[in-house]
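Fold and geometry: a report
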Amino acid sequence: MVKELVVIGGGPAGLAAALSARENGIEDILIIERDVQLGGILNQCIHNGFGLHTFKEELTGPEYAQRYIDLIHENNIDYVLNTIVTHISEDKVITLMSAKDGLYHISAKSIILAMGCRERPRGALNIPGKRPAGIYSAGTAQRLVNIEGRMIGKKVVILGSGDIGLIMARRMVLEGADVQLVAEIMPFSGGLTRNIVQCLDDYGIPLKLSHTVVDIQGDKRVESVTIAMVDKSLQPIPGTEKTYECDTLLLSCGLIPENELSHQLGISMNQVTTGAFVNESLETNVEGIFACGNVLHVHDLVDYVSEESKQAGQSASLYLKGLQNKEGKDIRIVTTDGVRYSVPSTLNVSRMQERQIIRFRVGRVYRDAYVSVYVDDTRIKHLRKRILTPGEMEQVLLRSDELHPFENIDQITIKIEEV
Amino acid sequence: MYDIVVIGAGVIGCSIARELSRYNYHILVLDKNSDLCEGTSKANSGIVHAGYDAKQGSLMAKMNVLGNQLMPKLCEDLDVSFVNNGSLVLCFDKTQIECLEELKQRGISNGVKGLEILTKEEVLLKEPHLNHNVVAALYAPSGGIVCPFELTIALGENACSNGVTFQFNSEVIDIKKQELSYLIKTKTGDIKTSIVINAAGVHSDDIHNFVEQDKIKVIPRKGEYCLLDKECQNLVSHTIFQLPNEYGKGILVTPTVHGNIILGPTAVDIDDKENHQTTKQGLFEVLSKAGLSLIDVPTKQIITSFTGVRAHREAHEFLIEEAEHAAGFFDVAGIESPGLASSPAIGQYVANMVTTKYPTSKKENFISKRKRIPTLSELSFDEQTKLIKENPLYANIVCRCEMVSEGEIVEAIHRPLGATTVDGIKRRTRAGMGRCQAGFCLPKTIQILARELNKDISEITKTGEGSYYITGYNKEDI
Ligand SMILES: Cc1cc2nc3c(=O)[nH]c(=O)nc-3n(C[C@H](O)[C@H](O)[C@H](O)COP(=O)(O)OP(=O)(O)OC[C@H]3O[C@@H](n4cnc5c(N)ncnc54)[C@H](O)[C@@H]3O)c2cc1C
Ligand SMILES: Cc1cc2nc3c(=O)[nH]c(=O)nc-3n(C[C@H](O)[C@H](O)[C@H](O)COP(=O)(O)OP(=O)(O)OC[C@H]3O[C@@H](n4cnc5c(N)ncnc54)[C@H](O)[C@@H]3O)c2cc1C
């Protein structure tokens, strides 16, 4: 079987990318999803707060996903469920596997990677202690509680203040558990401010910054965890240990983009995001293969996932129609002085859209600082920000007419400048 | 009434049970845990040592070298992953090269074949990621690696297929010597037997001391490890040891048969035999000492850490004999490293001891081979297609990291000595052993276990009683 465009992953990224490709004239599209339904991780995010940017209203995760799923149906875009992609070859032959159809190949002219991410495990954090039952990653807990309707603990400590951890703190309280605290090793939270207010403050759950788990007790099930304060180099400070009796430890320690397939393809990967390097069209170094959503870099808001993925769909359609501009050169986007990475990581002026969004994250909290953009040595943007935090993705908008006056640009630099 | 009761379903108990199942004995294996391979056999380095370490003339040396020779064939028969990857003992100090020479001579007199001292250049040619401070190394081509759970479970399954009964959740709390038999008291009832084999690992002293007036003592000695992601596959291909020096025994770096890298173990004597705690100091020691062997330790790639407890005796020698004052009671005690490597030899040695003293006939229909659970990720496209046609459950991927399917998990539950716990599934199929450490597959594994065992998910545990996952229904405590 040959397909014009194959989208791998039926989460918000894949759905938005497929829709946008259709809007841009691509007929022959297939979305491949390994789960029993479309919607990706949104299906287990039953709280509200989705869609404020996209739909100007507050939806739950499943509601947000449903808006897109409805559009997929209205547009008669093909998809297969319960089907996992196990391999992609460099010449874009995709291996699929499902109980219904067995093992088969599809050959694609273009591919959009939208596989989302998985959660980072305890080992990645090197938390010492015992290894009883009762230690869950927050997303696993979210699935058991929200989808199965089953409680996974009565007295809970949470490590990591990423959004999923914050959301689960509130969820556990709402379902009848006692959440003792959220500990965060960094001196700032990894989550959105609005989640700290709505999920912790409103429920009186303490957030202990610069604290981490130094021991886990319990042979069969968690019986207690010990938390200690850490110093500037993130090392526990002796004497600050405090032990909390609990039966559950939730870990919200970040996500790992699900890039097994990208590795097979020899796509060059960014060490910081662990996602692919992409240009302004969200195209990877392998021609005709695009990436968007959490598989590219971890997003906090699904609205931005949809926005980004729309662009991937557009780019794929230009590629398929042979309309991709081949002129110009890829200008490196350099990120320094507090900016950890950017997506895209290169930009071609003759190919870019009128308005190009550059998304990035900072490495620490900044107050009253500037986000500056330099074209070679010329500063073209100097945007004052009241606060910048690692937990919130930032973006700057570059218009093509801002870049046109420059000739032979060597690099574009994004950095934080403090007053 | 049994002819033989083996206490302990670790690699040693299972190996002995399998060897004895060649004969017409009525055999029971008892374990206090909910599954086999829940003790030391689940947390070790998985090295099939060549045999140059143990003291000349010791039983340990004999068992190690013989075990090393028997391992490839045993693993072939039982369809267990084994790789003869060879090992290197690194020396970082010119003045210590004679220690390498000593090690080599000891190896030769223990009967180890092919030992060779390599120059720095030769070592770095074999292993380019090693620290360039290395000055020489002892190369042992017969060193290997094996998956310790696969081996233990395969031995157990095969023993079971040959008529051995296994009983779990049965802690032995006392043993009474009777006139011509033993009465084994467990938490779940009494068991009568003619012969007792004590293969209780770190608790082998307790079991011995129940019946024997000459007491023994096992010192639990803890070892901590870090496990690295498969992305680090190419870091080393041989097992890399460090020559013991003033800083102690050194930390090894080795690939596992499944393509991960392990770093460890530390060696600290502890009081509590069940203390499987990892510590900050331990993990720090592992990483810093591994840094002596490697140019760079990829600490960002750690996916888990764990602890094993060795059954150390002061004599540092295996105790394998019939108790002096208790006929029919056989000790297989203090089986510390290289216990895993020695396990095939210990099985035969003990079976030989028992059959010589208490002879019986051989079974005619002994099944010597066993097949592993079909492993999707190891198969070719055509083989996968065939497997999925026969059983479509093999197309449902449950563990994304290790590509383990529902078919494999269901098979793990229903084969002889099938899994009843999440850890049991993990050790039989690798579901949950990959880079996300079961974050993705845990809910599904729990559900499959519940469905196949006709239980509610609240009855599914990690490692047996008390290690439950589900505490109730949403909102029931409000
Ligand atoms: C646990 C969790 C909680 C979150 N909570 C919030 C929140 O409260 N608010 C908010 O705004 N954002 C939240 N987010 C972020 C937001 O939901 C995500 O950014 C968004 O869902 C990402 O969309 P995606 O399509 O990139 O990934 P996903 O939603 O993860 O979708 C990826 C899809 O690809 C499929 N897939 C992967 N690999 C394959 C393969 N090989 N073959 C076939 N299919 C495959 C997966 O099954 C999945 O359906 C959360 C994210 C997570 C992980
Ligand atoms: C850190 C470390 C690294 C090692 N590395 C290697 C290596 O690389 N190569 C090598 O060859 N060897 C190695 N070893 C040694 C090897 O792991 C052991 O020798 C081997 O696993 C011992 O097996 P076992 O069956 O005697 O013990 P176990 O696997 O501990 O089995 C004993 C069983 O007895 C049961 N039991 C105990 N008491 C009772 C009771 N009262 N009632 C009922 N059941 C009971 C336990 O539940 C347990 O299942 C290492 C050991 C450690 C700790």
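Cut-off values and rules
Residues numbered from 1 in each chain as written. Chains lettered and ligands numbered in written order. Predicted model: local features only at pLDDT ≥ 70, side-chain atom pairs only at ≥ 80, totals over all residues. Heavy atoms only, no water. Pairing = 2+ DSSP bridges. Helix = DSSP H or I, 4+ residues; strand = E, 2+ residues; numbered from the N terminus. Near = heavy atom within 4 Å. Polar contact = N/O pair within 3.5 Å; in protein donor to acceptor, adjacent residues only side chain to side chain. Areas by Shrake-Rupley, 256 points an atom, 1.4 Å probe, with all protein chains shown as cover. Buried < 20%, exposed > 50% of the residue type's maximum accessible area, 1.4 Å probe, protein only. Right-handed = clockwise from strand over helix to strand, strands pointing away. Domains from an automatic or database assignment. Buried area = accessible area lost by both parts, 1.4 Å probe. Salt bridge = Lys/Arg side-chain N within 4 Å of Asp/Glu carboxyl O. Nonpolar A, V, L, I, M, F, W, Y, C, P; charged D, E, K, R; others polar. Expected span 1.5 Å × (residues − 1). Contact = heavy atoms within 4.5 Å. Axes fitted to C-alpha atoms, helices over the stretch in contact; angles between N-to-C directions.

Re the sheet that holds strand 8 (residues 144-146) of chain B
All names here are of chain B.
- One open sheet holds the three strands; their spatial order is 3-8-4, and the pairing between them is antiparallel. Bordering the open sheet on either side are strand 3 (47-48) and strand 4 (82-83), each of which pairs with just one other strand.
- Where strand 4 and strand 8 come together, two bridges link them in antiparallel fashion. Bridged to Val83 within strand 8 is Ile145.

A word on the site of ligand 1
All names here are of chain A.
- Neighbouring ligand 1 are 33 residues, the closest being Ala13, Glu33, Ile41, His47 and Asn294.
- Within the backbone of Asn294, an N or O atom sits 2.8 Å from an oxygen atom of ligand 1.
- With respect to ligand 1, the backbone of Asp300 contributes an N or O atom lying 3.1 Å from a nitrogen atom.
- In the complex, 96% of the free accessible area of ligand 1, which totals 980 Å², lies under the protein chains.
- When residues of the shell around ligand 1 are traced back to their parent elements, those giving at least two are helix 1 (12-23), strand 6 (83-88), helix 4 (163-174) and helix 7 (302-320).
- Counting residues per element, the shell around ligand 1 draws most heavily on strand 6, at three residues.

Topic: the pairing of strand 2 (residues 27-30) of chain B
All names here are of chain B.
- Burial along strand 2 is two-sided: Ile27 and Val29 and Leu28 and Leu30, pointing in opposite directions, are all buried.
- With four bridges joining them, strand 1 (residues 2-7) and strand 2 adopt parallel strand pairing. Residue Ile7 lies in a different strand from strand 2, and its bridge partner there is Leu30.
- Viewed along the sheet, the connection from strand 1 through helix 1 (residues 11-20) into strand 2 turns out right-handed.
- Direction of pairing for strand 2 relative to strand 9 (residues 165-167): parallel, over a ladder of three bridges. Within strand 9, the position partnered with Leu28 by the bridge is Thr165.

Observations regarding the domain arrangement of chain B
All names here are of chain B.
- When its domains are assigned, chain B resolves into domain 1 (1-82 + 145-216 + 313-372), domain 2 (83-144 + 219-312) and domain 3 (376-459).
- Here the C-alpha centroids of domain 1 and domain 2 sit 27 Å apart.
- Each partner contributes to the roughly 2,900 Å² buried at the junction of domain 1 and domain 2, and carbon and sulfur atoms together form 57% of this total.
- Among the residues domain 1 hides against domain 2, the three largest losses belong to Tyr52, Ile145 and Val202. Together they make up 28% of the total.
- In this structure, the connection of domain 1 to domain 2 is made through three salt bridges.
- With its nearest N and O atoms 3.4 Å apart, the salt bridge here joins Lys273 to Asp206.
- The interface formed by domain 1 and domain 2 contains 16 residue pairs in polar contact (both at pLDDT 80 or more).
- Elements with a minimum of two residues in the side of domain 1 that touches domain 2: strand 3, helix 2 (59-78), strand 8 and helix 6 (204-211).
- If one sorts the elements of the side of domain 1 that touches domain 2 by residue count, helix 2 sits on top with four residues.
- Here the residues of the side of domain 1 that touches domain 2 are counted per class, giving 14 nonpolar, 15 polar and nine charged.

Description of helix 5 (residues 148-161) of chain B
All names here are of chain B.
- Along its 14 residues, helix 5 runs 20 Å from first to last C-alpha, staying within 8% of the 20 Å computed at 1.5 Å per residue.
- Of all 14 residues making up helix 5, 12 are buried, and the element is well covered by its neighbours.
- What helix 5 keeps buried is the set Pro148, Phe149, Glu150, Leu151, Thr152, Ile153, Ala154, Leu155, Gly156, Glu157, Asn158 and Ala159.
- Structurally, helix 5 contributes buried residues whose contacts are with helix 1, helix 2, strand 8, strand 9, helix 8 (339-357) and helix 11 (422-429).

Brief notes about the sheet that holds strand 22 (residues 339-343) of chain A
All names here are of chain A.
- Strand order in this open sheet of three strands is 22-24-27, and the pairing throughout is antiparallel. The open sheet terminates on both sides in strands that have one partner only, identified here as strand 22 and strand 27 (394-399). Neighbour to neighbour, the strand axes of the sheet diverge by 30° on average, direction disregarded.
- Taken together, the six bridges between strand 24 (residues 355-362) and strand 27 define a ladder with antiparallel strand orientation. Among the inter-strand pairings, Ile357 is bridged to a residue of strand 27, identified as Leu397.
- In the packing of helix 7 onto the sheet, contacts are made with strand 22, strand 24 and strand 27, and the angle to strand 24 comes to roughly 135°.

Examining the interface of chain A and chain B
- The interface of chain A with chain B comprises 57 residues on the first partner and 59 residues on the second.
- Together, the buried faces of chain A and chain B total about 4,600 Å²; carbon and sulfur atoms form 53% of this surface.
- Interface area lost by chain A to chain B is led by Leu103, Arg131 and Arg150 of chain A, which between them contribute 16%.
- For the pair chain A and chain B, the number of links is five salt bridges.
- One salt bridge connects Glu258 of chain A with Arg400 of chain B, and the closest N-O pair in it is separated by 2.9 Å.
- If you look at where chain A meets chain B, you find 25 residue pairs in polar contact (both at pLDDT 80 or more).

Let's talk about the pattern of salt bridges
Residues and elements named next belong to chain B.
- Counting across every chain of the model gives 59 salt bridges over all chains.
- Between Asp35 and Arg428 there is a salt bridge, and its shortest N-O distance comes to 2.9 Å. One end of the pair, Asp35, is in the loop between strand 2 and strand 3; the other, Arg428, is in helix 11, with 393 residues separating them in the sequence. The exposure classification of Asp35 matches that of Arg428, with both residues buried.
- Between Arg435 and Asp229 there is a salt bridge, and its shortest N-O distance comes to 2.7 Å. Linking Arg435 in the loop between helix 11 and helix 12 (442-453) with Asp229 in the loop between strand 13 (219-228) and strand 14 (239-242), this pair joins segments that are 206 residues apart in sequence.
- Take Asp229: its relative accessible area is 5%, and that puts it in the buried class.

Here's the deal with the site of ligand 2
All names here are of chain B.
- Around ligand 2, the structure places 37 residues, and the nearest of them are Asp31, Ser41, Ile47, Ile335 and Ala341.
- The separation between an oxygen atom of ligand 2 and a polar main-chain atom of Val11 is 3.2 Å.
- Expressed as a share of its isolated accessible area of 1,000 Å², the protein-covered part of ligand 2 is 97%.
- Going through the elements one at a time, helix 1, strand 18 (302-312) and helix 8 are the ones with two or more residues in the shell around ligand 2.
- Considering only residue class, the shell around ligand 2 consists of 16 nonpolar, 16 polar and five charged.

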